[in-house]
Amino acid sequence: MSVNPDIQGRVFPPTEPYLVGREKIREFARAVFATSPINTDVDAARAAGHSDLVAPPTFPIVVTERTLEQLLAEPDAGIDFSRVVHGEQRFSYTRPVVAGDELTATLTVTSVKSLGGNSMVTAESQIVDADGEHVVTATSTLVVRGDA
């Protein structure tokens, strides 16, 4: 089965809220070799003008992954996960993610294209805080390999 082009424009329900914790930020910072003290030291983060620890720039992938799970589980999408390669990831911020944020994400499939027997599915996850204010948009492009 190939990717269903009719999923373009589909909007998925918001994810359950994700509470960003200090230790999760520190763990993620270690995993991606982030060395800024604002990622690990509360005093340094506050001295830099933030309310708490600041997550590294790619941290929202933790929340985005939940939206992508919705897409991959969609019965009529035609996406075989065993054939998926993560093609591209971008983040567009309104403000940094900080410890204490409660984030919710809503995914929209923005593009489905065929290229050389493969499909490219681009989706945007709009991530907002507990007040509904935009924090970051995560744009993911998945390449679904065609039959060899």
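Residues numbered from 1 in each chain as written. Predicted model: local features only at pLDDT ≥ 70, side-chain atom pairs only at ≥ 80, totals over all residues. Heavy atoms only, no water.

## Regarding the overall build of the protein chain
Then, number 1: The helix and strand inventory of the protein chain stands at three helices and five strands.
Then, number 2: What you see in the protein chain, going N to C, is helices and strands ordered as β-α-α-α-β-β-β-β.
Then, number 3: Every one of the 148 residues in the protein chain was classed for burial, and the buried ones make up 40%.
Then, number 4: Partitioning the intrachain contacts of the protein chain with sequence separation of at least 6 by distance along the chain shows that 69% fall at a separation of at least 24.
Then, number 5: Of the side-chain charges in the protein chain, 12 are positive and 20 negative, and the distance between the mean point of each set is 5 Å. (Helix = DSSP H or I, 4+ residues; strand = E, 2+ residues; numbered from the N terminus. Buried < 20%, exposed > 50% of the residue type's maximum accessible area, 1.4 Å probe, protein only. Contact = heavy atoms within 4.5 Å. Lys, Arg positive; Asp, Glu negative; His and termini not counted. Charge placed at Lys NZ, Arg CZ, Asp CG, Glu CD.)

## Thoughts on the side chain of Asp 52
Then, number 1: Note that Asp 52 resides in the loop between α2 (42-47) and α3 (61-73).
Then, number 2: Within the local environment of Asp 52, its side chain forms a polar contact with the side chain of Arg 22, the two groups lying 2.8 Å apart.
Then, number 3: If we ignore the near neighbours within four places in the chain, the residues touching Asp 52 are Arg 22, Val 42, Ala 45, Arg 46, Val 98 and Ala 99. (Polar contact = N/O pair within 3.5 Å; in protein donor to acceptor, adjacent residues only side chain to side chain.)

## Some words on the packing of aromatic side chains
Then, number 1: Per the counting criterion, the structure on display carries two aromatic pairs.
Then, number 2: Judged by centre distance (6.3 Å) and plane angle (55 degrees), the rings of Tyr 18 and Phe 59 are tilted. With Tyr 18 in strand β1 (residues 18-19) and Phe 59 in the loop between α2 and α3, this pair connects stretches of sequence that are 41 residues apart.
Then, number 3: Consider the rings of Phe 28 and Phe 59, whose centres lie 5.3 Å apart with planes at 75 degrees: the pair is edge-to-face. (Phe/Tyr/Trp six-rings, centres within 6.5 Å; stacked < 30°, edge-to-face > 60°.)

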